[in-house]
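# Remarks on the overall topology
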Amino acid sequence: MTKFRKLGRPTGHRMSMLRTMVSQLVKHERIETTIAKAKEIRRLADNMVQLGKEGSLCAARRAAAFVRGDDVIHKLFTELAYRYKDRAGGYTRLLRTRIRVGDAAPMAYIEFIDRENELRQSKPATPQPPQRVPLDPWTRSRLCKQFAPPKEDKSSDPEI
């Protein structure tokens, strides 16, 4: 069973709030909320983008059962699926912004990455190291023997 934040709400209220916030995130591509809610939204929004990339009828029905609005589903399965087709995960970014005045709750922006008007630019992809040819065990042991100096035999007769 997966762990999740309860956010001080009953299950029905919490799921309704998260569904609405994920739908608004997909629609506007950036929203401001508390850090705890943003961390939960990130988990669910990444799952919705995965369903959009999958593109099957089953995935469309699963996404439609969660997000609200036909325009949101259309955006998931067309624009966002095309934008993140080469990315394996991590479609959202969380940026801490301020402390809310009324209750001192830490606030954060959650936004999709690789879009226009980003608050912070994406880091460039790290280049992959060149692939090395795997060595068979016999070659490796011979290489190790090359670098170790040969042992001298001390049991030989000393010359007088």
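Now for a description of the structure that goes with this document. Fair warning: this is a prediction, and the values are worked out from it, not measured in the lab. (Residues numbered from 1 in each chain as written. Predicted model: local features only at pLDDT ≥ 70, side-chain atom pairs only at ≥ 80, totals over all residues. Heavy atoms only, no water.)

### Remarks on the overall build of the protein chain
Counted only if it meets this: Where helices and strands are cited, they refer to DSSP runs of H or I of at least four residues and of E of at least two residues respectively, numbered from the N terminus. Under the scheme applied here, a residue whose accessible area is under 20% of the maximum for its type counts as buried, over 50% as exposed, and between as partly exposed, the area being computed with a 1.4 Å probe on protein chains only. The criterion used for residue contact is that any of the two residues' heavy atoms lie within 4.5 Å.
A count of helical and extended segments in the protein chain gives five helices and three strands. In sequence order, the secondary structure elements of the protein chain are arranged as α-β-α-α-α-β-β-α. Counting over 160 residues, the protein chain shows a buried share of 31%. Contacts in the protein chain between residues at least 24 apart in sequence constitute 59% of all its contacts with a sequence separation of at least 6.

### Overview of the environment of Ile-31
Mapped onto the elements of the fold, Ile-31 is located in strand S1 (residues 30-34). The buried category is assigned to Ile-31, whose relative accessible area is 13%. For the pair Ile-31 and Ile-110, spaced 79 residues apart in sequence, the C-alpha to C-alpha distance is 5.7 Å. Once residues within four sequence positions are removed from consideration, Ile-31 is found in contact with Met-21, Gln-24, Leu-25, Ile-41, Ala-108, Tyr-109 and Ile-110.

### Things to note about the packing of helix H2 (residues 35-54) against helix H3 (residues 57-64)
For clarity, the threshold we go by: Every axis in this analysis is a line fitted to C-alpha atoms, fitted for helices over the stretch in contact. Angles between the N-to-C directions lie between 0 and 180 degrees. In these notes the angle categories are as follows: under 35 degrees is roughly parallel, over 145 is roughly antiparallel, 65 to 115 is roughly perpendicular, and the rest is oblique. Working rule for handedness: look at the near helix, and if it is turned counterclockwise from the far one by less than a right angle, call the crossing left-handed; if clockwise, right-handed. Gly falls in the polar group here, along with every residue not listed as nonpolar (Ala, Val, Leu, Ile, Met, Phe, Trp, Tyr, Cys, Pro) or charged (Asp, Glu, Lys, Arg).
Where H2 meets H3, the axes come as close as 8 Å, and the angle between the chain directions of the two elements is 150°. As summarised for this structure, H2 and H3 are arranged roughly antiparallel, according to the angle between their axes. In this structure, H2 meets H3 at a crossing whose hand is left-handed. Along its contact with H2, which presents Met-48, Leu-51 and Glu-54, the element H3 presents Ala-59, Arg-62 and Ala-63. Partitioning the contact of H2 with H3 into residue classes produces four nonpolar, no polar and two charged.

### Things to note about the pairing of strand S2 (residues 92-99)
Going by this rule: By the convention used here, strands pair only if DSSP detects at least 2 bridges between them.
Pairing between S2 and strand S3 (residues 106-112): six bridges, direction antiparallel. Looking across to S3, one finds that Arg-96 is bridged to Ala-108. In textbook terms, the turn of a hairpin is the stretch between consecutive antiparallel strands, and for S2 and S3 this stretch comprises six residues, one of which, Ala-104, has a positive phi near 60°.

### Here's the deal with the side chain of Thr-33
Position of Thr-33 among the secondary structure elements: in strand S1. Contact partners of Thr-33, with chain neighbours within four places excluded, come to Met-21, Ala-38, Ile-41, Pro-106, Met-107 and Ala-108.

### A short note on the nonpolar core
Considering soluble globular proteins, one finds that nonpolar side chains tend to be buried as a cluster. Defined as follows: Joining through side-chain atoms within 4.5 Å is the link that ties buried Ala, Val, Leu, Ile, Met, Phe, Trp, Tyr and Cys residues into a set, and such a set is a nonpolar core.
Membership of the largest hydrophobic core comes to 31 residues, with the highest contact counts inside it found for Ile-41, Met-48, Val-67, Leu-76 and Phe-112. No other element matches the eight residues that H2 contributes to this core. Residues contacting Ile-41, with those up to four places away along its chain left out, are Leu-18, Met-21, Val-22, Leu-25, Ile-31, Thr-33 and Ile-110.

### Details of the environment of Ser-16
Test applied: A 3.5 Å cut-off defines polar contacts: any pair of N or O atoms within that distance qualifies, except that in protein one atom must be a possible hydrogen donor and the other a possible acceptor, and neighbouring residues in sequence count only when both atoms are side-chain atoms.
Relative to the helices and strands, Ser-16 is located in helix H1 (residues 11-28). With relative accessibility at 33%, the residue Ser-16 sits in the partly exposed group. Polar contacts involving the side chain of Ser-16 include one to the side chain of Arg-68, which spans 3.1 Å.

### Observations regarding the sheet that holds S3
Read from one edge to the other, the open sheet built from three strands follows the order S1-S3-S2, with strand pairing classed as antiparallel. The open sheet has two free edges, formed respectively by S1 and S2, since each of these has just one partner strand. Averaged over all pairs of adjacent strands, the angle between their axes in this sheet comes to 25°, without regard to strand direction. Sitting on the sheet, H2 touches S1, S2 and S3, and the angle it makes with S1 is about 140°.

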